[in-house]
Amino acid sequence: MIKLNNIRVRFTAKNSVIEAVKNVSLAIGKGEVYGIVGSSGAGKSTLLRTINLLERPTSGDILINDVKINNFKAEKLRKVRLKIGMIFQHYNLINTKTVFENVAFAMRVAGKSKEERGKHIPEILSLVGLSEKTDAHPSKLSGGQKQRVGIARAIANNPDILLCDEPTSALDLETTSSILDLIKDINKRMGITTVLISHEMNIIKKICDKVAVMENGHLVEYGSVYDVFTNPQHDITKQLIEHTINLEIPEELLKIHKGKLVKLIFKGDLAVEPVISDTIKKHNVSITILHGKIEYISGKPIGILVIGIDGNDINIENSINSLTENVAELELL
Amino acid sequence: MTGEYLQGISQDLLKAFYETFQMVGIALLTSIIIGVPGGLFLYVTEKGLFFSNKFLNVISGFIINIIRSIPFVILLVLLLPLTQKIIGTTIGPLAASVPLAIASTAFYARLVWVSLCEIDKGVIEASISLGATPLLIITNVLLREALPGLVRGLTVTAVSLIGYSAMAGIVGGGGVGDLAIRFGYYRYETDVMIITVFFLILLVQLVQVLGDYAADKSNKK
């Protein structure tokens, strides 16, 4: 659906050249929700904006449905953009137009008649849950409602692709969740290929199928969200994930605890309980569960457990060995 | 003061107001017709916008600034040959309208540019991402979002024009300001000067109140 081949974007600032995107290649399949994550300044926003050529790449190709678009201009480019909706962190609504008029503007751009607009817009507004705000101006809406208008405008012309530029970064947790649900819902309902960028793994985890991680303009890692979460390769990925799967044990507990502290990670269907009780029986050790969490990513579980193992040294050693065989990952703390 | 005298003044005043309206009206109309596209041109040729063109942008900005930096009295005289060509005479309110129109158009074009600069670039970007043509963006986004600013700018221009038009007396343009200068200043008829200045204040206030009202009405946020 979307193919980015060796994309580089360079900016020339005063006396210096900044390369925001460095040789990035990425393939996004039809109907996928693809997340691009990275800290601020990683180049993810610039990369996203090359897809609809708001930013022209310095080199590299952008293919949409196998058509190379990076040299498109004027009318040809506008035709392509009609099929690519985009939503923004700060909504970017036309303040002097009502909710209805904002969506109507998008449809006018596509050359839709007044009748078509009058028929289609109420449908879209009800889809995004804004039927009652049809005639309100953006200044009278909350952040979440504004983003819903942004979404309505972006999908008004039935695009094939939806680009989301940090769509929830200015919203509170609850609103974020409802906006993400809406994006996912639209993705499923319309089969619209969605590319979403965020600096938060939590958001990626919630709605994305696949994720690419960026750092300093490089694409450092990509894959299915579950794989990247359960088996992060790169330091920046590990850091980003740590913010979401946060298992901190209070210092006091670490001090008073005798024996070995071990962090176990379970993936997929591995059952937790038998492993622990088996170890206790087999190796004659006592095990205390200090902390634990099960996350569901793309519907699959990943469990993290911090346990303390106490007993004589050989038994502890043996139990750690047998645990290693039975869990996905084991880390001595 | 006799009744005849007062009647004389009121007739002079009436004529002066008519001339002021004529000059200011022509200049304002020109400002809207040429100043708005001028300000738009200055804006859309800026870096990062859809008709980005450094050369044209610098040139147009330069022309606007030259006109704005020439003192109006000098502009009035400088433009005499042009006025002669356009109007066929260099005397009278119609002739005075030519330099007034040129000065106020440049002034208003800059104000139009200022209001356009206030627009959130993100809104323009969103419109571009929708696939909108430049024409649609100009009519539906730029002019619409900037409308209150454009109205306020026009009010400021109108008030300045009333002031400028006083100098039109040099080419026999007449008008309220000129009346104040001729009778009050040159002929030491202080009472006439006070009366005309009083009416000028009233006129400016009226323009400002109307302008504020229109700006409020046009602000649909």
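Residues numbered from 1 in each chain as written. Chains lettered and ligands numbered in written order. Predicted model: local features only at pLDDT ≥ 70, side-chain atom pairs only at ≥ 80, totals over all residues.

A. Spatial organisation of the sheet that holds strand β12 (residues 286–297) of chain A. Residues and elements named next belong to chain A. Reading across from one edge, β12-β13-β11-β14 is the order of the 4 strands in this open sheet, with antiparallel pairing throughout. Two strands close off the open sheet at either side, each with one partner strand: β12 and β14 (329–332). Ignoring strand direction, the axes of neighbouring strands in this sheet form an average angle of 15 degrees. (Pairing = 2+ DSSP bridges. Helix = DSSP H or I, 4+ residues; strand = E, 2+ residues; numbered from the N terminus. Axes fitted to C-alpha atoms, helices over the stretch in contact; angles between N-to-C directions.)

B. How the structure looks around unusual backbone geometry. All names here are of chain A. You will see that Asn92, though not glycine, has its phi angle at about 55 degrees, which is positive. Considering the arrangement of structural elements, one finds Asn92 in the loop between β6 (84–87) and α3 (99–109). In the Ramachandran plot, Asn158 falls in the positive-phi region, its phi being about 45 degrees despite a non-glycine side chain. With respect to the helices and strands, the residue Asn158 is situated in the loop between α5 (143–155) and β7 (161–165).

C. Local environment of the confidence of the model for chain B. Chain-level statistics for chain B give a pLDDT mean of 89 and a share of 99% at 70 or above. Listed scores for the predicted complex are pTM 0.84 and ipTM 0.83. (pLDDT = per-residue confidence, 0-100.)

D. Spotlight on the pairing of β12 of chain A. All names here are of chain A. Taken together, the 11 bridges between β12 and strand β13 (residues 300–310) define a ladder with antiparallel strand orientation. Within the sheet, the bridge partner assigned to His291 lies in β13 and is Val306. Counting the residues between successive antiparallel strands, the hairpin from β12 to β13 contains 2 residues, one of them, Ser298, with a positive phi of roughly 50 degrees.

E. A look at the sheet that holds strand β2 (residues 16–28) of chain A. All names here are of chain A. Strand order across the open sheet formed by 4 strands is β2-β1-β4-β5, with antiparallel pairing between neighbours. Sheet topology places β2 and β5 (67–68) at the edges, where each strand pairs with a single neighbour. Across the face of the sheet, helix α1 (residues 44–51) comes into contact with β1 (2–13), β2 and β4 (59–64) while running at roughly 120 degrees to β1. (Contact = placed C-beta atoms within 7 Å.)

F. Geometry of the packing of α3 of chain A against helix α4 (residues 114–127) of chain A. Residue and element names in this part refer to chain A. One way to put it is that α3 packs onto α4 with a least axis distance of 10 Å and a crossing angle of 120 degrees. Between α3 and α4, the angle falls in the class oblique. Crossing handedness for the pair α3 and α4: right-handed. Contact with α3, carried on its side by Val99, Phe100, Val103, Ala104 and Met107, involves Glu116, Arg117, His120, Ile121, Ile124 and Leu125 of α4 and no other residues of that element. In the contact of α3 with α4, the residues fall into 8 nonpolar, 1 polar and 2 charged. (Parallel < 35°, antiparallel > 145°, perpendicular 65-115°, else oblique. Left-handed = near helix turned anticlockwise from the far one by under 90°. Nonpolar A, V, L, I, M, F, W, Y, C, P; charged D, E, K, R; others polar.)

G. Quick peek at the nonpolar core. Counting 136 residues, the largest nonpolar core has Val103, Ala152, Leu163, Val195 and Val211 of chain A together with Leu100 of chain B as its most contacted members. Ranked by residue count, the leading element in this core is helix α5 (residues 93–117) of chain B, at 15 residues. Core analysis: the second largest hydrophobic core is formed by 11 residues, Val262, Leu305, Ile309 and Val327 of chain A among them. (Core = buried A, V, L, I, M, F, W, Y, C linked by C-beta atoms within 7 Å. Buried ≥ 20, exposed ≤ 12 C-beta atoms within 10 Å, placed from the backbone.)

H. Quick peek at the interface of chain A and chain B. Contacts between the two partners involve 18 residues from chain A, matched on the other side by 19 residues from chain B. Elements represented by at least two residues in the side of chain A that touches chain B include exactly α2 (74–82) and α3 of chain A. When residues of the side of chain A that touches chain B are assigned to their parent elements, the largest contribution, 4 residues, is made by α3 of chain A. Grouping the amino acids of the side of chain A that touches chain B by side-chain chemistry returns 8 nonpolar, 7 polar and 3 charged.

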